[in-house]
Amino acid sequence: MENNNKEPYVLVSVFKDDAKPEEISNAAPALSLLIDEWHNAGKMIWSGAFDDDKTAMSVIETTKTEAEVFYAKYDNITKPFLATYMYQWDAMPLLSLIGNKQNQARLQITPEQQ
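Sequence order sets the numbering: in each chain, residues are counted from 1 along the sequence as written. Residues qualify for local features only when their pLDDT is at least 70, as the model is predicted, and side-chain atom pairs are given and counted only at 80 or more; totals for whole chains, interfaces and linings, by contrast, use all residues. Heavy atoms throughout the structure, all of them, feed into the side-chain values; hydrogens and water do not.

**Q** Got a minute to help me understand the overall build of the protein chain in this structure?
**A** A run of H or I in DSSP counts as a helix once it spans at least four residues, and a run of E counts as a strand once it spans at least two, with each numbered from the N terminus. Scanning the protein chain from terminus to terminus reveals 3 helices and 4 strands. The helix and strand sequence of the protein chain, counted from the amino end, reads β-α-β-β-α-β-α. Buried, partly exposed and exposed residues are distinguished by accessible area as a fraction of the type maximum, computed with a 1.4 Å probe on protein chains only: under 20%, between the cut-offs, and over 50%, respectively. Relative to its full complement of 114 residues, the protein chain shows a buried share of 24%. Here the contacts in the protein chain between residues at least 6 apart in sequence split such that 72% fall between residues at least 24 apart. The protein chains shown are the only cover counted for residues, whose accessible areas, like all others here, come from Shrake-Rupley with a 1.4 Å probe. Of the roughly 8100 Å² of accessible surface on the protein chain, a fraction of 55% belongs to carbon and sulfur atoms. For this analysis, residues touch if any pair of their heavy atoms sits within 4.5 Å.

If you want it as structure tokens, here you go:
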């Protein structure tokens, strides 16, 4: 039986040292289509680059099966020029710790709220 619980997944992408600009340009339409399809299905993806100009991180919230399908497509498109890794959010302890601390802070009830 498939688990339909949505969980956050983190996709980390790092440019390979031998990445060629034409490989990136050639992959851009397929990558754009993948992201557009994801958004058109009502799903969100949050992403941003690190300051090393080589690494980026994206976060999606989805089922395990959907995450695996998305990752397979993404990796297939970008494998000539990116090294990619996907983790379920809890597999990244630092991010989980930050997320849990933020949730705990929001859930604390002060005496004035009681």
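Next comes the rest of the account.
**Q** It is not clear to me how helix H1 (residues 21-40) should be interpreted in this structure. Could you clarify?
**A** Structural remark: α-helix, 3.6 residues per turn; residues separated by three or four positions point the same way. For H1, which comprises 20 residues, the first-to-last C-alpha distance of 28 Å matches the rise-based estimate of 28 Å (1.5 Å per residue) to within 8%. In H1, a bend of some 40° at Ala28 exceeds every other bend along the element, and Pro29, a proline, comes one to four places later. Among the residues of H1, Ala27, Leu34 and Trp38 are the ones counted as buried. Check the buried side of H1 and you find it contacts strand S2 (45-49), strand S3 (55-62) and helix H2 (64-78). Helix span, as expected, comes to 1.5 Å for every residue beyond the first. What is called the bend at a residue is the angle between a pair of axes, fitted to the seven residues leading up to and ending at it and to the seven starting from it.

**Q** Mind showing me how you'd approach the nonpolar core here?
**A** Proteins that are soluble and globular tend to have nonpolar side chains buried together. To define a nonpolar core, start from buried Ala, Val, Leu, Ile, Met, Phe, Trp, Tyr and Cys residues and group those joined through side-chain atoms within 4.5 Å. Counting residues in hydrophobic clusters, the biggest one holds 13 residues, and the most contacted among them are Leu34, Trp38, Ile45, Ile60, Phe70 and Tyr74. For this core, the secondary-structure elements that each account for two or more residues are strand S1 (7-15), H1 and H2. A per-element tally of this core places H2 first, with 4 residues. Those residues in contact with Ile45 that lie beyond four places of it in its chain are Ile35, Trp38, His39, Ser58, Val59, Ile60 and Phe70.

**Q** How do you make sense of the sheet that holds S2 when you look at a structure like this?
**A** The criterion for strand pairing is that DSSP finds at least two bridges linking the strands in question. Taken together, 4 strands build an open sheet; the order of strands is S2-S3-S1-S4 and the sheet is antiparallel. If you trace the sheet from one side to the other, it starts and ends with S2 and strand S4 (82-88), each paired once. Sheet twist, expressed as the mean angle between neighbouring strand axes with direction ignored, is 15°. Each of S1, S2 and S3 touches H1; the most contacted strand, S2, lies at about 145° to it. Only the contacting stretch of a helix is used when fitting its axis, a line to C-alpha atoms as for every element, and angles between N-to-C directions run 0 to 180 degrees. Contacts from H2 reach S1, S2, S3 and S4 within the one sheet, and its direction differs from that of S4 by about 175°.

Purely geometric numbers; function is a separate question.
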